[in-house]
Amino acid sequence: MRLKEKAAIITGAGSGLGEAIARRFAAEGASLLVCDRNIQAVEALSNELSPYVPGVRACEVDVSDSASVQKMTESCMKAFGRIDILINNAGISPKKEYLEYTEEDWDAVIDVNLKGEYLCARAVSEHMMERRYGRIVNLSSSAWRSGGFAGGIPYTSAKAGVIGLTRALAKTLGPYGVTVNAIAPGPTATPLTDGWLPARRDEIVKQIPLGRVGRPLDVANAALFLASDEAEYITGICLDVNGGIAMGG
Ligand SMILES: NC(=O)c1ccc[n+]([C@@H]2O[C@H](COP(=O)([O-])OP(=O)(O)OC[C@H]3O[C@@H](n4cnc5c(N)ncnc54)[C@H](O)[C@@H]3O)[C@@H](O)[C@H]2O)c1
């Protein structure tokens, strides 16, 4: 049990990677606050996991709204009396052609994918700094290395911003015993990629040295490692989980 007696907040836990991370963490003994703007999804997950974990609660949150994020951290404190781990996973990825993106699209993508991660990290920081313990894991994307899909400017910009956010937070929180790392998944089969990945799978797989697209469990295993005590001397990194589709730099 690698997360025994740990309490974790997971945003975007109602679907895809967040849900897989919640299931993986449950198997390792963590207490979980599963958070999403889709409350029905996290309530269903919470009901399903409750027989198997020390504690699990569902929480409705909009990560782009600081008041909502504040309530989320208060819910975790109320339920478990501590916040050991934050998995900053909630994200959106609208698919449009370059010139179709509006200013509102830009704001929405940056607000959820970049500002949302900042707000959640900010909200748990004081508690983690006081306890001199914490693990923050931010979801970026291989798009920050590869440039992403032609035209997907807001998403790629936000995910590159997550790398800067991760490093700045790592520097700021390191002296308090809090590690901050990013995961950059490559194309992974989830509802986020349902609209395009199945149709382009063969073409994409040809570009992946390990010969398949990602599975949610690949990312969940990486999140588990970075959230565990085994990673206590690792901070400010970006862990690529992409089968080799984008490397280095
Ligand atoms: N699937 C991939 O190929 C892939 C690749 C790289 C990075 N990522 C990143 O991984 C993360 C998870 O992606 P996924 O594939 O599981 O997507 P998904 O669409 O399956 O799940 C995202 C979840 O986030 C929630 N969410 C969206 N906006 C929110 C908000 N404002 N507040 C709270 N919750 C909100 C959604 O309701 C949904 O449950 C995202 O940050 C995504 O950008 C995914």
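In this text, all values refer to a predicted model and were calculated from it rather than measured experimentally. For every chain, the first residue of the written sequence is number 1, and numbering continues from 1 onward in sequence order. Per-residue local features are limited, in this predicted model, to residues with pLDDT of at least 70; the limit for side-chain atom pairs, both in listing and counting, is 80 or more; totals at the level of whole chains, interfaces and linings are taken over all residues.

## Brief notes about the site of the ligand
Thought 1: The full set close to the ligand counts 31 residues, and Gly12, Gly16, Gly91, Thr190 and Leu192 are the nearest of them.
Thought 2: Contributing elements (two or more residues each) for the shell around the ligand: helix H1 (16-27) and helix H4 (103-131).
Thought 3: Residue contributions to the shell around the ligand peak at 3 residues, all from H1.
Thought 4: Three residue categories are used. Nonpolar comprises Ala, Val, Leu, Ile, Met, Phe, Trp, Tyr, Cys and Pro, charged comprises Asp, Glu, Lys and Arg, and polar comprises the others, including Gly. A per-class count over the shell around the ligand returns 12 nonpolar, 16 polar and 3 charged. Placing a C-beta atom from the backbone of each residue, we mark the residue near a molecule or strand if the atom is within 6 Å of it. Numbered from the N terminus, helices here are DSSP runs of H or I no shorter than four residues, and strands are runs of E no shorter than two.

## Section: the sheet that holds strand E4 (residues 85-88)
Thought 1: When DSSP finds two or more bridges between two strands, those strands count as paired. Reading across the sheet, the 7 strands line up as E3-E2-E1-E4-E5-E6-E7 and stay open at both edges, with parallel pairing between neighbours. Looking at which strands have only one partner, the edges of the open sheet turn out to be strand E3 (56-60) and strand E7 (238-241). The sheet shows a mean angle of 15° between the axes of neighbouring strands, direction not considered.
Thought 2: Pairing analysis gives 4 bridges linking strand E6 (residues 178-185) to E7, with the strands arranged parallel. Across the sheet, the residue bridging to Ala182 is Cys238, located in E7.
Thought 3: The contact rule is simple: place each C-beta atom from the backbone, and if two of them lie within 7 Å, those residues are in contact. Under this scheme, a helix contributes an axis fitted over its contacting stretch, all axes are lines through C-alpha atoms, and angles between N-to-C directions fall in the 0 to 180 degree range. Packed onto the sheet, helix H3 (residues 66-80) meets strand E1 (7-11), strand E2 (31-36) and E3 and runs at close to 155° relative to E2.

## Points about the nonpolar core
Thought 1: Throughout this description, the term nonpolar core refers to a group of buried Ala, Val, Leu, Ile, Met, Phe, Trp, Tyr and Cys residues whose C-beta atoms join them within 7 Å. Any residue surrounded by 20 or more other C-beta atoms within 10 Å of its C-beta is treated as buried, while 12 or fewer makes it exposed and the intermediate range makes it partly exposed; C-beta atoms here are placed from the backbone. Judged by nonpolar contacts, the single largest core of 66 residues is most densely connected at Ala8, Ile9, Ile10, Leu32, Val34, Cys35 and Ala223.
Thought 2: Considering each element in turn, this core owes the most residues, 9 residues, to H4.
Thought 3: If near-sequence neighbours (up to four positions away) are discounted, Ala8 is found in contact with Phe25, Ala30, Leu32, Asp84, Ile85, Ile87 and Ala227.

## Focus on the pairing of E2
Thought 1: Where burial is concerned, most of E2 is hidden: 6 out of the 6 residues are buried.
Thought 2: Every second residue of E2 is oriented toward a common face, with Ser31, Leu33 and Cys35 on one face and Leu32, Val34 and Asp36 on the other, all of them buried.
Thought 3: Note that E1 and E2 share 5 bridges and pair parallel. Looking at the pairing, Ala8 lines up with Leu32 of E2.

## Quick word on helix H8 (residues 216-227)
Thought 1: In this model, H8 (12 residues) spans 16 Å end to end at C-alpha, consistent with the 16 Å of a helix rising 1.5 Å per residue.
Thought 2: Across the 12 residues of H8, 9 count as buried, placing the element largely inside the fold.
Thought 3: Where H8 is concerned, the buried positions are Pro216, Asp218, Val219, Ala220, Ala222, Ala223, Leu224, Leu226 and Ala227.
Thought 4: Structurally, H8 contributes buried residues whose contacts are with E1, H1, E4, strand E5 (134-139), E6 and E7. By definition here, a helix of n residues has an expected span of 1.5 Å times n minus one.

## Considering the packing of H3 against H4
Thought 1: Remark: H3 packs on H4, axes separated minimally by 9 Å, with the N-to-C direction vectors making an angle of 45°. Looking at the two axes, H3 sits oblique to H4. Crossing handedness for the pair H3 and H4: right-handed. On the side of H3, the interface is formed by Ser66, Val69, Gln70 and Thr73, while H4 contributes Leu119, Cys120, Ala123 and Val124.
Thought 2: Taken together, the residues of the contact of H3 with H4 sort by class into 5 nonpolar, 3 polar and no charged. Our angle categories are set so that under 35 degrees counts as roughly parallel, over 145 as roughly antiparallel, 65 to 115 as roughly perpendicular, and the remainder as oblique. With the far helix as reference, a near helix turned anticlockwise by less than a right angle produces a left-handed crossing, and one turned clockwise produces a right-handed crossing.

## Looking at H1
Residues lying three or four places apart along an α-helix face the same way, a consequence of the helix completing one turn every 3.6 residues.
Thought 1: In this model, H1 (12 residues) spans 17 Å end to end at C-alpha, consistent with the 16 Å of a helix rising 1.5 Å per residue.
Thought 2: Extensive coverage of H1 is indicated by the burial of 10 of its 12 residues.
Thought 3: When we look at burial in H1, the residues that qualify are Gly16, Leu17, Gly18, Glu19, Ala20, Ile21, Ala22, Arg24, Phe25 and Ala26.

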